[in-house]
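# Examination of the molecular architecture
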Amino acid sequence: MVAITDQLIDDLAHLSRLTFDDAEKAAIKTDMEQMVQFVEKLNEVDTTNVDPLLHITPNQNIFREDIVEGSISREEALKNVPKTDGTYILVPKVIKK
Amino acid sequence: MATIYQGKYEAVIGLEIHVQLDTASKLFCADSTKFGAEPNTHISPITLALPGTLPKINKKAIEYAVRLGLACQCEIMPYNFFARKNYFYPDLPKGWQTTQHTHPICMGGLVPIKTQTGIRQVQMHHIHLEEDAGKSIHDIYEGESCVDLNRAGTALVEIVSEPDMFSADEAWNYVQELRRLVRWIGVSDANMEEGSLRCDANISIRPAGDTRLGTRVEVKNLNSTRNIKKAIDFEIDRMIRLVEAGGMVQQQTRSFDAATGTTFAIRDKEQANDYRYFPEPDLPPIQLSQSFIEQIRASMPALPQQLAHKYQTSFGLSPYDAEQLVSDKDIAVYFEAATQKTNQYKAVANWINGPIRSIINEEHLSIDQVGITPETLADIIQLVDTGKLNFSVASTRLLPALRTPGADQKGQSALDIATRLNLIQTDNEDLLETWINEALESMPDKVQAYQKGKKGLIGLFVGEVKKRSKGKADPGRVMDLIKEKLG
């Protein structure tokens, strides 16, 4: 079984940009152990010679033509934005590295 | 032959080039991709990643990627699909970039580049499709960054080379060649100023002759052709200094600072991102039929290298002239149109690579904006060839006049206008005689010197006649007459 370590919880929290206190981490660790255990039940199935199923419908080549349509107004687009000056979406200062 | 640095090192370079495809709409939704629009006006619920929206692939982007793959002799992969590359950044609305991770649309491929020892084929790794991110602007407000999502979702191809270039010059030539190629086949304008061609470099050094690769550093942000060379040269030099001082190259991501011409570390290997790729469940896979690929192949124009070869073998041009003519597709098309009208191929090449290219460069025009049709050029060449006027008068007087004909001159032939401007060389021997006599009388000491053996002065006499005749004297004939006269 995949070992659910404190380090793993910290790494996942970082990737999700979330922070947890120690009590929360302990609870998450227990939950995750149970989830992984549950999923690993699948290891009991013999999948030799079975290709992974990457797409669940048999559809292929669902394309659209290269036509411009369907944009919304800026006013509408910015409606749900937490902070805006009416032109841009404003976010805490990030410097692209 | 690789460039040897400081007598004992060689550099190995691989490039990742992002090219914005010239589709009208985005890769997965129908917002416009037009550059320079008001911020946040080319966006839809899909671009904004609002809940419940679904992407749909732009067929033209697939065609363009295949087109590029064919131009680069890639293997086109009939079965390919998209994946999610997960990371957080404010200009990435979904929280993942939709990109082809394990199954790109094109594998392998070759790009011919100029090297010190002739043309060499640089080995490519693959080409894949992906979407662009939005733009973050940091210098508008003190404490906040501004996000413009117009660009988010625009179709890109990422063109990944093998580590198969060995100097900054080779890398630069590779970028130039790819840039010409994508423009040539019409899949991108590859304008670096507008960000439609962007370049990252993987660079390592190793002892000369070693076949193993050294630890590599990725340098990002090489966003002008000049920066590419500068950044690579700086980085090679930095690594050699480091190793010479007893240090070790760390695997790093670095950024080029154009203001200082240096690179600085932005990420170490330990902090490497974990992108948690997985197949995009919202996009069914792509299965390209052979007939789809063959249709695209049939629509491909002849490529620059093929044309350059043809111009040498069929038209007898020098490799240099031929290469100049295929620097840009419009120019090659123009050249070919002119060769339909005249068989003076060398003269056509000289005119295009000379006076017409000067106009293009000075006035920042395309060849079609110069105002001289291939037919008119053929007429001018005909006039020069038959001795009606000489090259210098044709290029300095007739050409400008033909570019901006007066209202009453529209539809007049090159000969009409040359005649009207009084540019036609005279075959009136009496007139020539008069000009020659005047010229020689104006410099009796030079004539004496000539007669005493300073035969090089003949050019001066011819030049003086040219001046007095305002270009209407045929220089060849004038030279003969002066030689006759002075013995």
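The name an unreviewed UniProt entry gives chain B is Aspartyl/glutamyl-tRNA(Asn/Gln) amidotransferase subunit B, with Arachidicoccus rhizosphaerae as the organism. Among the UniProt annotations of chain B, the heading Subunit (unreviewed entry) holds the following wording: "Heterotrimer of A, B and C subunits." Quoted straight from UniProt, the Sequence similarities (unreviewed entry) entry for chain B says "Belongs to the GatB/GatE family. GatB subfamily."

Chain A has the name Aspartyl/glutamyl-tRNA(Asn/Gln) amidotransferase subunit C in an unreviewed UniProt entry, where Arachidicoccus rhizosphaerae is given as its organism. Among the UniProt annotations of chain A, the heading Sequence similarities (unreviewed entry) holds the following wording: "Belongs to the GatC family." For the record of chain A, the UniProt heading Subunit (unreviewed entry) holds the text "Heterotrimer of A, B and C subunits."

Time to look at the overall build of chain B. Within chain B one finds 15 helices and 18 strands. A compact globule built from 487 residues would reach a C-alpha radius of gyration of about 23 Å, whereas chain B, at 30 Å, exceeds it by more than 25%. When its C-alpha atoms are laid out on the principal axes, chain B stretches across 90 × 60 × 50 Å. Residues counted as buried form 50% of the 487 residues belonging to chain B. Surface exposure of chain B reaches about 22,400 Å², of which carbon and sulfur atoms provide 50%.

Bringing the pairing of strand β16 (residues 262-268) of chain B into the picture now. Along any regular strand the residues' side chains alternate between the sheet's two faces. Here strand β15 (residues 252-257) of chain B pairs with β16(B) via six bridges, running antiparallel. When the bridges of β16(B) are listed, B:Phe256 appears paired with B:Thr263.

Moving on to the sheet that holds strand β2 (residues 89-92) of chain A. Strand-to-strand pairing in sheets goes through backbone hydrogen bonds, with the strands running parallel or antiparallel. With antiparallel pairing, three strands are arranged side by side in an open sheet as β2(A)-β11(B)-β10(B). Only two strands of the sheet have a single neighbouring strand rather than two, namely β2 of chain A together with β10 (135-137) of chain B. The average angle at which neighbouring strand axes cross in this sheet is 35°, direction not considered. Where β2(A) lies against strand β11 (residues 144-148) of chain B, four bridges are found, and the strand directions are antiparallel. Among the inter-strand pairings, A:Val91 is bridged to a residue of β11(B), identified as B:Ser145.

Rules behind the numbers
- Residues numbered from 1 in each chain as written.
- Chains lettered and ligands numbered in written order.
- Predicted model: local features only at pLDDT ≥ 70, side-chain atom pairs only at ≥ 80, totals over all residues.
- Heavy atoms only, no water.
- UniProt positions renumbered as here; feature names shortened; annotations may be inferred.
- Helix = DSSP H or I, 4+ residues; strand = E, 2+ residues; numbered from the N terminus.
- Rg over C-alpha atoms; globule rule 2.2 N^0.38 Å.
- Buried < 20%, exposed > 50% of the residue type's maximum accessible area, 1.4 Å probe, protein only.
- Areas by Shrake-Rupley, 256 points an atom, 1.4 Å probe, with all protein chains shown as cover.
- Pairing = 2+ DSSP bridges.
- Axes fitted to C-alpha atoms, helices over the stretch in contact; angles between N-to-C directions.

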